[in-house]
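Okay, here's what each chain looks like letter by letter:
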Amino acid sequence: MAMIDEPLYPIAVLIDELKNEDIQLRLNSIRRLSTIARALGEERTRKELIPFLSENNDDDDEVLLAMAEELGVFVPYVGGVEYANILLPPLETLCTVEETCVRDKAVESLCRIGAQMKESDLVEWFIPLVKRLAAGEWFTARVSSCGLFHIAYPSAPEMLKTELRSIYSQLCQDDMPMVRRSAASNLGKFAATVEPTHLKTDIMSIFEDLTQDDQDSVRLLAVEGCAALGKLLEPQDCVAHILPVIVNFSQDKSWRVRYMVANQLYELCEAVGPEPTRTDLVPAYVRLLRDNEAEVRIAAAGKVTKFCRILNPQLAIQHILPCVKELSSDSSQHVRSALASVIMGMAPILGKDATIEQLLPIFLSLLKDEFPDVRLNIISKLDQVNQVIGIDLLSQSLLPAIVELAEDRHWRVRLAIIEYIPLLASQLGVGFFDDKLGALCMQWLEDKVYSIRDAAANNLKRLAEEFGPDWTMQHIIPQVLEMANNPHYLYRMTILNAISLLAPVMGSDITCSKLLQVVTNASKDRVPNIKFNVAKVLQSLIPIVDQSVVEQTIRPCLVELSEDPDVDVRFFARQALQTSEQVMMSS
Amino acid sequence: MNGGGDAEVASPAGPPQSLEWKFSQVFGERTAGEEVQEVDIISAIEFDKTGDHLATGDRGGRVVLFERTDTRHHGFRRDLERMDNPISRHPEFRYKTEFQSHEPEFDYLKSLEIEEKINKIRWCQTANSALFLLSTNDKTIKFWKVQEKKVKKICEMNVDPSRVGNGNVASSSVTAGVKPYLANGVCPERSYNYLSNDFAFSPGGIPSLHLPVVASHETSLVAKCRRIYAHAHDYHINSISNNSDGETFISADDLRINLWNLEISNQSFNIVDVKPANMEDLTEVITSAEFHPTHCNMLAYSSSKGSIRLIDLRQSALCDNHTKLFEEQEAPGSRSFFTEIIASISDIKFGKNGRYILSRDYMTLKLWDINMDAGPVATFQVHEYLRPKLCDLYENDSIFDKFECCLSGDGLRVATGSYSNLFRVFGVMSGSTEASTLEASKNPMRRQVQTPSRPSRSLSSLTRVVRRGADSPGVDTNGNAFDFTTKLLHLAWHPTENSIACAAANSLYMYYA
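Remember, predicted model here, so these are calculated numbers, not experimental data. (Residues numbered from 1 in each chain as written. Chains lettered and ligands numbered in written order. Predicted model: local features only at pLDDT ≥ 70, side-chain atom pairs only at ≥ 80, totals over all residues. Heavy atoms only, no water.)

Student: If you had to explain the overall build of chain A to someone new, which residues and values would you point to?
Tutor: When helices and strands are counted, chain A shows 33 helices and zero strands. Scaling as 2.2 N^0.38, a compact globule of 587 residues should have a C-alpha radius of gyration of about 25 Å, whereas chain A reaches 33 Å, well beyond that. Each of the three principal axes of chain A carries a C-alpha extent, and together these read 90 × 80 × 35 Å. Intrachain contacts of chain A at a sequence separation of at least 6 include 67% that bridge at least 24 residues. When the accessible surface of chain A is totalled, it reaches about 24100 Å², and 50% of it is carbon and sulfur. (Helix = DSSP H or I, 4+ residues; strand = E, 2+ residues; numbered from the N terminus. Rg over C-alpha atoms; globule rule 2.2 N^0.38 Å. Contact = heavy atoms within 4.5 Å. Areas by Shrake-Rupley, 256 points an atom, 1.4 Å probe, with all protein chains shown as cover.)

Here's what the structure looks like:
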């Protein structure tokens, strides 16, 4: 057992803890691997530390994950890029472990290192590694190898390139579905590095195999490949090879595959271009919108606006809009909800006339939907329609919908509608708001659920910001102050909360003339909870009001509270007093 | 190990292709008069895909693993050995390791005790010689990794452990709780801060520092719980099954089937829900579910009404509508109070190629062709002599016993258990009359039914009650009782060879032919 000088003691401990019993300490050491490497120097890092790490690879997955990550940025510590190959063996081992996240991280680190390596080093070290992994006895190694081809391929000489392509093709036909999945999901990256001539032949035949795989889980990854490959191919090749595949996939037996198509359709349209989109993908999309499986319709409905944006309005009206109408009365509430969340965006695309004629009835029917999420989704996007047709046409139906949501028995629904009130107020204008919604905002202050009362107070603040102090003085402050004497202390507390939120918006004058009085009155409340909240509110008012007001009104009130029998009241009162003293000293 | 010497010839009148079963091994054999501990009773048996490993689970929440001794090497080497040594030996197993998979729990919200009993075990894809398996009790599924780990013995340290610790050797044998470095007040945070990145090391490094040396390379098996799939079942889980895609599995309880991704433990998808809006309308529950062995989109589940439903996951996300329904039409006039109870299917298994499904109800084994939903292709009476006693069996709840069933790897034979520690093996080939009755003991043929073996598909082939041996307790006044307490519920057929593992209470018996 060697004795270590004092200054080296921490680093010595760090090194020893690479093998500590406690996993936390091992993790700690692994995360400081760069420090250890610098302490050992480049040469000993290469000759001792890296082999040491390679040997000790049966650690817990958490430690291995950290190791895989550290090694990815280790090139400087082994002496730069010319020694980068030293790092490959430990990462190669990590590429074969059972835990997916460790393998993924090791592959990521290998790619990072490989991207820096010289071409000759890649041929000498990296490509053999990829080949070894691809021929691995266990599927874990083969899974990892798929993610490395795009680094290995560009620097390979012609012969090796041919070999790598054929290895990849074998991986796509591996017995284990996990390997085929990995090959399918990495195909796009690999294809991007392959020369155009081989792309059309080798890669496309690999791709076709994958699209016919009997495992759904492989086929649905191939859907993503469609978009990636489509972007690499010439437009006419894309139409010839990719488009039929997409159309087939859109009619796949498995709903999961069709779901992927519905989700990816926009990207797929980009890949094939406008004309094939019009002739082939619009019918495919219409089929998806009318799919038997609700999950597929949900995905398709959620893309309706995005899809219409790449079509001309006429096509959208002719083909998509009839489906949208059907979806608006779909049997699945989730489909209607997905539609409601995007449908307002169609208004600018279709223009004023079509919106009024076609979309408006759909909006109105969705606003009356029995499922609150659907109504909320429509209301949340109101601004998009407002720009096109103005709010008047909608406001008739809007109000009952809002009122119903405001009184929904699920508090989360009520909460959601409160969040939209400022948006609605700005869209509907002061006049409409005063008449119809003002009372609701006050009503929420007396809700049974705290979160609603809290949101209601915050809502008042946002309204005050929207409409300005004068309006607030007229329409909010009097009503709020009226409620300050509510017999239930929880509601009195809500008012205190509202005052503290409103005060900064209203400014010093109104705060002093109207609000402060209410707060100081509340300090005589019989409920201690109110009293210490008074202390908190007063503390928040100190920066807003004049120094003289602090001296004459706030401090005496706080002093009184600081002698309250209740310990919490005293605590918060003293805290507020301290703040006031600090403010005085600084001014 | 070779106690099969005095085995009688199986069914003398039977066809020549009947297998002659011999005793191979027993684990946890009970000595005469020894009382069986409840926790030791085996509740699940499962071979892995290669047949090199066998797992059992028990009521005490333990999982015990056995490994095959005669072929211990992986990959092509095993094939070579087989070629060199064509005389096929029957599989022999040895104890490998065991671990506590589940502990008793208490659900505070529902005031329910959750037993630790292992309901099912399923093996997952092996990787890097680490074994993976899923085990479940009534509520919680766990994913286990069993792996050989090096026992580390660190011999060279930078810091003399005796200087910082209390003379402990810093090896893996240090008990948890003794942290050699922290114990003496060395504050690691502070010392690490001191090693901030601007601390300059000489470019050549510090020669006096060296890496710890790991001395011993002994290995030991470690079982680690990698994932826990919990809180997804309101009712008791009766089955789990892996998908052939290697990334998903299902778990089934009385009313629902959930689909999981092995890597994701915090969400699952409900794919079948038979819960009626009003629980008073409940007439049928799910009793067992299994994925098709090769088609990743297909799964079958059985019900308490005796039907099997095949569903196609491709059709929709929630598969409440089955693709195919297999059930047998009830013979008119045969209805009795017990008809529905004994129709309940306790277990279903797909054959290896996925064409056939074997089901077990209380009285019979049925083999179904998934291409023929008109009725089973074969029905085997397991213990028809119990039919007159259904009333007694109902009285003592035995009628609700859940017997498992299994198919041989080649699909030519099926097996299932019965009472008095008996199990039966039937040939399924058309024309086969093979129907053996064996006892889970060192002398499996002792119980050989002496009635001439008739074609097994005919009813009432076993009308005579087997006479009990004098050594068995509990003979009733007629002298022909069956011991309902010794039931052989769990058994498994080796995937590639004619070898059966079955559980008699706490003992695991293995037979070969």
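Student: Describe in detail the overall build of chain B, supporting the description with residues and values.
Tutor: Counting its secondary structure elements, chain B contains six helices and 32 strands. By residue count, 55% of the 513 residues in chain B fall in the buried class. Of the contacts made within chain B by residues no fewer than 6 positions apart, 56% connect residues no fewer than 24 positions apart. (Buried < 20%, exposed > 50% of the residue type's maximum accessible area, 1.4 Å probe, protein only.)

Student: I'd like a rundown of the side chain of B:T364, residues and numbers included.
Tutor: Residue and element names in this part refer to chain B. You can see T364 is positioned in strand β24 (residues 364-369). A polar atom in the side chain of T364 sits 2.7 Å from the side chain of D361. Within the structure, T364 has its side chain in polar contact with the side chain of K366 (distance 3.4 Å). (Polar contact = N/O pair within 3.5 Å; in protein donor to acceptor, adjacent residues only side chain to side chain.)

Student: Account for the domain arrangement of chain A, with residues named and values stated.
Tutor: All names here are of chain A. Partitioning chain A into structural domains gives domain 1 (390-467) and domain 2 (484-586). On a C-alpha basis, the centres of domain 1 and domain 2 stand 28 Å from each other. Listed by partner, the interface residues are twelve residues for domain 1 and ten residues for domain 2. Buried area between domain 1 and domain 2, both sides added, is near 920 Å², and the carbon and sulfur share of it is 69%. Counting across the interface, domain 1 meets domain 2 through three residue pairs in polar contact (both at pLDDT 80 or more). Class assignment for the residues of the side of domain 1 that touches domain 2 results in four nonpolar, one polar and seven charged. (Domains from an automatic or database assignment. Buried area = accessible area lost by both parts, 1.4 Å probe. Nonpolar A, V, L, I, M, F, W, Y, C, P; charged D, E, K, R; others polar.)

Student: Give me the lowdown on the packing of aromatic side chains, citing residues and values where you can.
Tutor: Enumeration according to the criterion identifies 36 aromatic pairs over all chains in this entry. Taken together, a centroid distance of 6.0 Å and an interplanar angle of 70° make the contact between B:F23 and B:Y511 edge-to-face. Of this pair, B:F23 sits in strand β1 (residues 22-27) while B:Y511 sits in strand β32 (residues 507-512), and the two are 488 residues apart along the sequence. Clustering of aromatic rings is evident, with ring pairs tying together A:F149, A:Y153, A:Y168 and A:F190. The side chain of A:K536 reaches across the aromatic face of A:F572, ending 4.8 Å from its centre. (Phe/Tyr/Trp six-rings, centres within 6.5 Å; stacked < 30°, edge-to-face > 60°. Lys NZ or Arg CZ within 6 Å of the ring centre and 35° of its normal.)

Student: Help me get a handle on the nonpolar core, residues and values and all.
Tutor: Grouped together as the largest cluster of nonpolar side chains are 242 residues, with contacts concentrated most on A:L49, A:F126, A:I320, A:I343 and A:W444. Counting residues per element, this core draws most heavily on helix α26 (residues 411-444) of chain A, at 14 residues. Looking at which domains feed residues into this core, each of domain 1 (390-467) and domain 2 (484-586) of chain A supplies at least three. Apart from residues no more than four positions distant in its own chain, A:I343 is found in contact with A:T305, A:V324, A:L359, A:I362, A:F363, A:L366 and A:I378. Core analysis: the second largest hydrophobic core is formed by 19 residues, B:C406, B:L438, B:L488 and B:I500 among them. (Core = buried A, V, L, I, M, F, W, Y, C linked by side-chain atoms within 4.5 Å.)

Student: I'd like to hear about the UniProt feature "domain: Phosphatase 2A Regulatory Subunit A helical" (unreviewed entry) in chain A, residue by residue, with values.
Tutor: Residues given the UniProt feature "domain: Phosphatase 2A Regulatory Subunit A helical" (unreviewed entry) here are residues 358-511 of chain A. Annotation note: span residues 358-511 of chain A, helix share 84%, strand share 0%, distance between end C-alpha atoms 50 Å. (UniProt positions renumbered as here; feature names shortened; annotations may be inferred.)

Student: Summarise the sheet that holds strand β25 (residues 378-381) of chain B; cite the residues concerned and give the values.
Tutor: Residue and element names in this part refer to chain B. The sheet built from four strands is open, its strands ordered β22-β23-β24-β25 with antiparallel pairing. Of all the strands in the sheet, just β22 (347-350) and β25 have a single pairing partner and so form its edges. Neighbouring strand axes in the sheet, compared pairwise and without regard to direction, differ in orientation by 15° on average. Bridge count between β24 and β25: four bridges; the pairing is antiparallel. Note that in β25 the partner of L367 across the bridge is A378. (Pairing = 2+ DSSP bridges. Axes fitted to C-alpha atoms, helices over the stretch in contact; angles between N-to-C directions.)

Student: I'd like a rundown of the confidence of the model for chain B, residues and numbers included.
Tutor: All names here are of chain B. When pLDDT is averaged across chain B, the result is 80; 77% of the residues are at 70 or more. Ignoring residues within four places in sequence, the model shows residues 1-16, a span with pLDDT below 50, making 23 contacts including any to other chains. Below pLDDT 50 for its whole length, residues 164-198 participates in 53 contacts with residues either more than four positions away or in separate chains. The ipTM value of the predicted complex is 0.77, and its pTM value is 0.80. (pLDDT = per-residue confidence, 0-100.)

Student: Account for the sheet that holds strand β28 (residues 422-427) of chain B, naming residues and giving values.
Tutor: Picture the strands of a sheet paired through backbone hydrogen bonds; they go either parallel or antiparallel. Residues and elements named next belong to chain B. Ordered in space as β26-β27-β28-β29, the four strands form an open sheet in which the pairing is antiparallel. Because the sheet does not close on itself, it has two edges, and the strands there are β26 (405-407) and β29 (435-439). On average, adjacent strands in this sheet sit at an angle of 20° to one another, irrespective of strand direction. Two strands pair when backbone bridges link them, and strand β27 (residues 413-417) and β28 are joined in this way by five bridges, in the antiparallel orientation. In the sheet register, A415 faces β28, and the bridge partner there is V425.

Student: Quick one: what's the story with the pairing of strand β9 (residues 131-136) of chain B, residue by residue and with numbers?
Tutor: All names here are of chain B. Of all six residues in β9, six are buried, a share of seventy percent or more. Along β9, one buried face is formed by L131, L133 and S135 and the opposite face, lined by F132, L134 and T136, is buried too. Note: strand β8 (residues 120-123) against β9, four bridges, orientation antiparallel. Across the sheet, K120 pairs through a bridge with T136, a residue of β9. Bridge count between β9 and strand β10 (residues 141-150): six bridges; the pairing is antiparallel.

Student: Now, about the pattern of salt bridges: what can you tell me, with residues and values included?
Tutor: Taken as a whole, this structure holds 56 salt bridges over all chains when the rule is applied. Taking the shortest distance from any N to any O, the salt bridge between B:K349 and B:D347 comes out at 3.2 Å. Within the structure, one salt-bridge network assembled from shared partners comprises A:D61, A:E98, A:E99, B:K145, B:R226 and B:R227. (Salt bridge = Lys/Arg side-chain N within 4 Å of Asp/Glu carboxyl O.)

Student: So what about unusual backbone geometry? Which residues, and what values?
Tutor: In the Ramachandran plot, B:N128 falls in the positive-phi region, its phi being about 50° despite a non-glycine side chain. Looking at the element boundaries, B:N128 is found in the loop between β8 and β9.

Student: Tell me about the pairing of strand β14 (residues 239-242) of chain B, and please be specific about residues and values.
Tutor: All names here are of chain B. Residues S239 and S241 line one face of β14 and the alternating positions I240 and N242 line the opposite face, and both faces are buried. With four bridges joining them, β14 and strand β15 (residues 248-252) adopt antiparallel strand pairing. In the strand pairing of β15, S241 is matched with I250. With antiparallel pairing between neighbouring strands as the criterion, β14 and β15 make up a hairpin whose turn holds five residues, including G246 at a positive phi of roughly 75°.

Student: Any chance you could break down helix α31 (residues 528-541) of chain A for me, citing the residues and the numbers?
Tutor: A rise of 1.5 Å per residue sets the reference length of α31(A), with its 14 residues, at 20 Å; its end C-alpha atoms lie 20 Å apart and thus fit the reference within 8%. For α31(A), the set of buried residues is A:I530, A:K531, A:F532, A:N533, A:V534, A:A535, A:V537, A:L538 and A:L541. (Expected span 1.5 Å × (residues − 1).)

Student: Go over the packing of helix α12 (residues 177-193) of chain A against helix α13 (residues 196-211) of chain A with me, naming the residues and quoting the values.
Tutor: All names here are of chain A. Where α12 contacts α13, the axes come no closer than 11 Å and their chain directions differ by 150°. Judged by the angle between their axes, α12 and α13 are roughly antiparallel. Classified by chirality, the crossing of α13 by α12 is left-handed. Only L199, I203, I206, F207 and L210 of α13 make contact with α12, whose side of the interface consists of R180, A184, L187, F190 and A191. Taken together, the residues of the contact of α12 with α13 break down into nine nonpolar, no polar and one charged. (Parallel < 35°, antiparallel > 145°, perpendicular 65-115°, else oblique. Left-handed = near helix turned anticlockwise from the far one by under 90°.)

Student: Can you explain the environment of B:E46? Please cite residues and give values.
Tutor: You can see B:E46 is positioned in strand β2 (residues 42-47). Put simply, B:E46 and B:R122 are 76 residues apart on the chain and 6.6 Å apart in space, counted from C-alpha to C-alpha.

Student: Describe the state of the cysteines, with residues and values.
Tutor: Residues and elements named next belong to chain A. Evaluated as defined, the whole model comprises zero disulfides over all chains. C172 carries a free sulfur, and the closest cysteine sulfur to it, the one in C146, is 6.9 Å from it. Here C269 is not cross-linked by a disulfide; its sulfur's nearest cysteine counterpart is in C238, at 11 Å. (Disulfide = S-S within 2.5 Å.)

Student: Quick rundown of the environment of A:R258? Include the residues and the values.
Tutor: Relative to the helices and strands, A:R258 is located in helix α16 (residues 255-272). Judged by its relative accessible area of 9%, A:R258 is buried. Separated by 154 residues in sequence, A:R258 and A:R412 have C-alpha atoms that sit 33 Å apart. Residues in contact with A:R258, not counting those within four places in the same chain, are A:F249, A:S250, A:Q251, A:D252, A:K253, A:L288, A:D291, A:E293, A:V296 and B:Q315. For A:R258, the side chain forms a polar contact with the main-chain oxygen of A:D252, separated by 2.7 Å.

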